[in-house]
Amino acid sequence: MKRAIAMLMAVTLAGSVVSCGNGKKNDKNANSGKSVGIAMPTSTLDRWNSDGKFLQYRFESAGFDVDLIYSENDATRQNNDILAMINKGVDLLLIAAVDGTKLSGTLETAKEKGIPVVAYDRLIMDTHALTYYVSFDNRAVGRLQGEFVRDQLALDSGSDSYNIEFVAGDPADNNAKYFYDGAYDVLEPYIESGRLVIPSGKDSFDQVATPEWSMDKAKANMKDTLAKYYSNGTQLDVVLCANDSTALGAAQALNIVYNGKNYPIITGQDGDVANLKNIVDGKQAMTVYKNVRDEASVTYEVCKMILDGEIPTSKLVEKLPIDVSFDSESYNNGVKYVQSYLLLPSVITKDNMQLLVDCGLYEWDSAHKYLELTKTS
Ligand code: BGC
């Protein structure tokens, strides 16, 4: 694996590195007439709206036409939306799948028409049509959550035991199992030694998965767990939530059902504005932030090479002002290993939120208390 060493800015704080490539390379050229179809899963979460915005900006400012669609977590709708873009004759498809296992038929049509397909953030399964994958190191996301819990509870010293529950993501999203495994691998030794106890006994991905990453489903599951295993006053110390939408659901359930005197550590991922607010208010301990502007920039460079008839390789990472690795051995989509460009996630807590402002992605509100997404970047 090779790593790009040049970073426009890298800040180390609380053990994490936030990469802030500026993502604004404005290489207007003769791309006019070429078009890119971008399929995003849903417009209900901050992160996908930011992804869409940054991707559209990168391609349009380089002269490409862009079709940007959101299929609102409906896999059938996403298939139809993508087919419409294929029939319109886009030159490349960039897809963050609603359900990574349900696109192979549609992508066969893309392949027959010679339209390259790049998977964005989520791997697309069971298809030879896929050429490249751009994402974050998904296992590292889970690992950061697990390490955060380990360090907060000082599990490597002392002898107290703590209660933990897991809340994982959507089984239709290939990322979700990676996040879960990354966190579980870090915490497993402490579960085995008894330092961490799971009162519900739900210790497999399938038992704690949350279809569609739904906040409401996470809330309902958490309410159920609290009612069954914690109503007698048992203390819950950690809710290891895979992302911010599930973390919001868990926090809401705790507000309604939990009677314990403590407030558990809740983890998350994405840096959604509502969760950053919860972090300031002490209702969520951390989020794993993935700089989606950098993800969009790397994606643009990969797609641009493909559209220019070139073959992206590991060499591309050396040219990028963003810390990214090239990996052709980790992501198998069921029919082949997909060549992947993987960015690095970082931990955000109440103490280092300013990093998000320094990156130009968020700004403080007028009271300098909470963060909001910047209107300008
Ligand atoms: C993304 C996460 C996001 C989740 C829910 C995953 O595929 O990697 O960043 O929180 O989907 O939308």
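For the structure itself, look to the data block above.
Residues numbered from 1 in each chain as written. Predicted model: local features only at pLDDT ≥ 70, side-chain atom pairs only at ≥ 80, totals over all residues. Heavy atoms only, no water.

Participant: Which residues make up the site of the ligand, and what values do they have?
Facilitator: Around the ligand, 13 residues are found, and the nearest of them are Asp121, Arg122, Asp173, Asp270 and Lys290. Arginine 47 has a polar side-chain atom sitting 2.8 Å from an oxygen atom of the ligand. Contacts to the ligand include aspartate 173, whose side-chain N or O atom sits 2.5 Å from an oxygen atom. Contact with the protein chains hides 99% of the accessible area of the ligand, taken as 310 Å² for the molecule alone. Secondary structure elements with two or more residues in the shell around the ligand: helix H1 (46-61) and helix H5 (174-193). Residues of the shell around the ligand, tallied by class, amount to four nonpolar, three polar and six charged. Each of domain 1 (11-136 + 291-344) and domain 2 (139-269) accounts for three or more of the residues forming the shell around the ligand. (Near = heavy atom within 4 Å. Polar contact = N/O pair within 3.5 Å; in protein donor to acceptor, adjacent residues only side chain to side chain. Areas by Shrake-Rupley, 256 points an atom, 1.4 Å probe, with all protein chains shown as cover. Helix = DSSP H or I, 4+ residues; strand = E, 2+ residues; numbered from the N terminus. Nonpolar A, V, L, I, M, F, W, Y, C, P; charged D, E, K, R; others polar. Domains from an automatic or database assignment.)

Participant: Tell me what's going on with the pattern of salt bridges, and back it up with residues and numbers.
Facilitator: Taken as a whole and judged by the stated rule, the model has 17 salt bridges. Across the pair aspartate 224 and lysine 228 runs a salt bridge, and its minimum N-O distance is 3.0 Å. Residue aspartate 224 and its partner lysine 228 are both found in helix H7 (residues 215-229); the two are separated by four residues, about one turn of the helix. Judged by relative accessible area, which is 34%, aspartate 224 ranks as partly exposed. Taking relative accessible area as the criterion, lysine 228 reaches 53% and is therefore assigned exposed. Residue lysine 375 pairs with glutamate 363 through a salt bridge whose shortest N-O separation is 3.6 Å. Taken together, the residues lysine 375 in the segment after strand E17 (371-373) and glutamate 363 in strand E16 (residues 362-364) connect sequence positions 12 residues apart. Look at lysine 375 and you get exposed, because its relative accessible area is 62%. When salt bridges with common partners are traced through the structure, they connect Arg47, Asp51, Asp121 and Glu295 into a single cluster. (Salt bridge = Lys/Arg side-chain N within 4 Å of Asp/Glu carboxyl O. Buried < 20%, exposed > 50% of the residue type's maximum accessible area, 1.4 Å probe, protein only.)

Shape descriptors only; they carry no functional weight alone.
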